[in-house]
Amino acid sequence: MASVPAIEIAGLGRDYGRLRAVDAVDLEVGAGTFFGFLGPNGAGKTTTIRMLTTLLHPSRGTARVAGLDIRDDPLGVRRRIGVVFQETTLDLDLTAEENLRFCTRLYGLSRRESAIRIDEALDLFGLSDRRHARVRSFSGGMRRALDLARGILHRPAILFLDEPTLGLDPAQRRRIWGFLQALCAQGSTTLFLTTHYLEEADPCDAVAIVDHGRIVASGDPASLKRGLGRDRIDVTTDRPDEVAPRVRELTGTEPQRAANRLSVFVEDADPVLPLLLPLTHEGAEIGVSHPTLEDVFVDITGRGRGEEPAG
Amino acid sequence: MIGAVAAVVTRELIRFQRQRGRLFASLARPLLWLIVIGAGFEKLVPTEGTVSYKQFLLPGLYGMVILFSTMLSALATVHDREFGPIRMLLVAPVPRWVIVIAKLISASLLGMIQVVILFPLIWILGLDPSASALLELLGAVALGAVAISSVGMLIASRMRSIENFAGIMNFLMFPMFFLSSALYPAALLPGFLQPFVRANPLTYAIDLMRHPLLGGLYPGNLGTDYTVKFDVLVLVLVTIILTTLACLLFGEEDHLGRVLLNEPPRTKRTLAAAGARARGWRPGSARSASSAPAPITEKSAGETSAG
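As the structure is a computational prediction, the values presented were derived from the model and not from experiment.

### A word on the pairing of strand β10 (residues 214-219) of chain A
All names here are of chain A. Here strand β9 (residues 206-211) runs beside β10; their pairing, made up of five bridges, is antiparallel. Bridge assignment links Val 207 to a residue of β10, and that residue is Gly 219. Where β9 hands over to β10, the hairpin turn is made up of two residues, of which His 212 adopts a positive phi near 50°.

### Re the sheet that holds strand β1 (residues 7-16) of chain A
Residue and element names in this part refer to chain A. Read across the open sheet, the four strands follow the order β2-β1-β4-β5; overall the sheet is antiparallel. Strand pairing shows two members of the sheet lacking a second neighbour, β2 (19-29) and β5 (68-69), which therefore form its edges. Inspection of the sheet shows strand β4 (residues 60-65) paired to β5 by two bridges, in the antiparallel sense. By the bridge assignment for β5, Val 65 is matched with Leu 68. Taken strand by strand, helix α1 (residues 45-52) contacts β1, β2 and β4, and its axis lies near 115° from that of β1.

### Considering the domain arrangement of chain A
Each assigned domain of chain A is listed here: domain 1 (7-218) and domain 2 (229-290). Domain 1 of chain A and domain 2 of chain A are separated by 40 Å when their C-alpha centres are compared.

### Quick look at the sheet that holds β9 of chain A
Residue and element names in this part refer to chain A. Here we have six strands laid out as an open sheet, ordered β6-β7-β8-β3-β9-β10, and mixed in their pairing. Each of the sheet's edge strands pairs with one partner strand only, and the pair in question is β6 (81-84) and β10. Neighbour-to-neighbour, the strand axes of this sheet turn through a mean angle of 15°, independent of strand direction. Pairing of strand β3 (residues 34-38) with strand β8 (residues 190-195), which is carried by five bridges, proceeds in the parallel orientation. Each residue of the ladder has a partner; that of Phe 37, found in β8, is Thr 194.

Parameters at a glance
Every chain is numbered independently, its residues counted from 1 as its sequence is written. By the order in which they are written, chains take letters starting at A while ligands take numbers starting at 1. Only residues with pLDDT of at least 70 are given local features in this predicted model, and only at 80 or more are side-chain atom pairs given and counted; all residues enter the totals for whole chains, interfaces and linings. Strands pair, by our definition, only if DSSP identifies at least two bridges between them. Numbering of helices and strands runs from the N terminus; a helix is a DSSP stretch of H or I covering at least four residues, while a strand is a stretch of E covering at least two. Note on contacts: residues are paired as contacts if their backbone-placed C-beta atoms lie within 7 Å. What counts as an axis is a line fitted to C-alpha atoms, over the stretch in contact for a helix, and the angles between N-to-C directions run from 0 to 180 degrees. What marks off one domain from the next here is an automatic or database domain assignment.

Okay, structure coming up:
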């Protein structure tokens with residue numbers, strides 16, 4: 001017996017004047033899922049999240065969040081969700097604790113309950129020793145952590161995170177992801193996050209890849225990557241134009257190009273590698289790895305990061 | 001709902017208490033006016049009867065404090081909405097109009113506090129109001145603060161960004177101050193200015209403060225323009241109408257969403273491209289370029305606001 005999905009989106013779209021930011025999104029996210037909404041900047045991720053969190057009216061379609069319609073019951077939806085924005089929402093002149101107390105008040109928590117939750121949240125995000133420090137003195141990573149703490153204080157059924165790792169250094173990004181995975185492991189919260197760092201989304205239970213306001217692929221990261229093949233062979237050369245046709249000839253598949261790297265996806269690299277070895281005599285380097293979510297994106301959209309769409 | 005209002009007011013009070021510079025500036029301005037303008041005018045304006053020009057000016061300066069502090073608080077809502085903690089409110093289960101009311105209350109409260117800090121000037125300038133007159137004055141300050149805050153909230157509800165902040169200062173706040181009864185009785189201003197003076201809620205707020213302070217004393221050419229009843233009526237009406245409008249406009253979620261998206265960004269394309277480049281994604285097409293969130297916009301606007 002399936003429970004009510006955390007999020008059901010049907011034909012959701014949004015225009016800004018003539019600009020079609022989100023075309024039509026259909027999606028279902030099960031309760032308790034760690035869901036990644038992926039795509040390049042400008043694909044419509046933030047607009048979608050703003051519609052789901054009742055900050056923007058959809059131009060068409062609708063969605064149910066925690067079982068409630070975002071058009072009919074925005075207040076009810078807001079009661080059940082937490083939102084962490086791209087940019088911090090913290091008041092830099094207040095201390096960590098004061099910021100969190102501001103928030104518990106908004107959700108009508110009692111003084112006692114509020115104190116307990118604030119202790120818990122500060123503890124979970126490793127900020128207990130900074131509770132009386134002004135947020136202005138916090139590093140980017142600490143601010144983001146506090147923002148996350150703020151987002152879960154009222155124990156939302158669904159936590160929306162818009163680019164939670166944007167602008168953080170790799171160590172801080174890993175820390176934030178650690179928090180998110182810990183949060184997800186507790187099992188009671190559905191996480192819906194957007195990121196344009198596609199490779200980050202591997203820990204997600206399910207992802208949807210969005211491009212130009214439409215979902216172009218969805219599923220769990222492992223099977224999406226598996227769809228390309230088990231192995232990825234990279235041929236790095238300073239003459240990609242000449243080498244590309246030969247790679248195609250030798251392997252029988254069209255290589256993906258990213259600058260001077262040519263990648264082919266195969267089920268098993270072992271029999272293919274010897275075929276490519278002659279290229280090494282011409283200065284090419286050959287490496288074997290596994291496909292990434294970014295490869296999936298490139299494969300589906302036919303263009304690499306930042307490339308113009310074909311045609 | 002009360003929790004939300006309390007949360008906002010508490011936050012503003014904590015901030016106020018920590019921003020010593022803001023308090024200093026808001027208190028220094030009227031003192032400067034009192035010393036420089038007050039002293040100069042006192043020589044020029046022959047006053048009849050027992051009211052000196054400085055005594056006449058004092059309620060005008062209280063009006064100035066109310067005007068600047070409430071307007072700045074209200075307009076800070078715009079900044080808050082774009083970058084700050086108001087977003088916590090926007091995604092909390094709090095109806096939009098409650099946010100307006102909460103902001104209105106905190107802006108008014110801060111304005112009142114700053115006026116009360118300047119209350120000792122009453123005695124320094126040689127006035128000696130009775131306890132009941134002081135209470136009336138306090139009521140007048142409160143009503144004036146709420147009315148002027150509602151003007152600020154109405155403007156804030158329609159403003160998209162704080163870019164034109166200087167414009168607001170120059171084309172709204174200074175005219176509001178000069179075209180009021182702050183410096184001279186409204187009746188003394190020339191006819192073509194009268195409509196502006198009469199349309200200005202600050203005129204009535206200052207007039208209302210003058211009644212308890214100077215009321216009994218004034219027999220001469222410096223004095224109050226309207227009756228207490230009329231002042232109260234105008235201020236209450238202004239507050240109700242403007243606050244209702246601000247609630248309605250602020251409650252328009254779509255407008256809010258656009259404000260949040262900072263649409264239309266100033267130099268949309270370049271900023272988006274720059275922002276995207278910094279993060280490793282170049283815009284895939286013209287379309288994605290123009291809808292890309294532009295954190296650069298945030299940063300530059302944030303710097304503007306810091307000044």
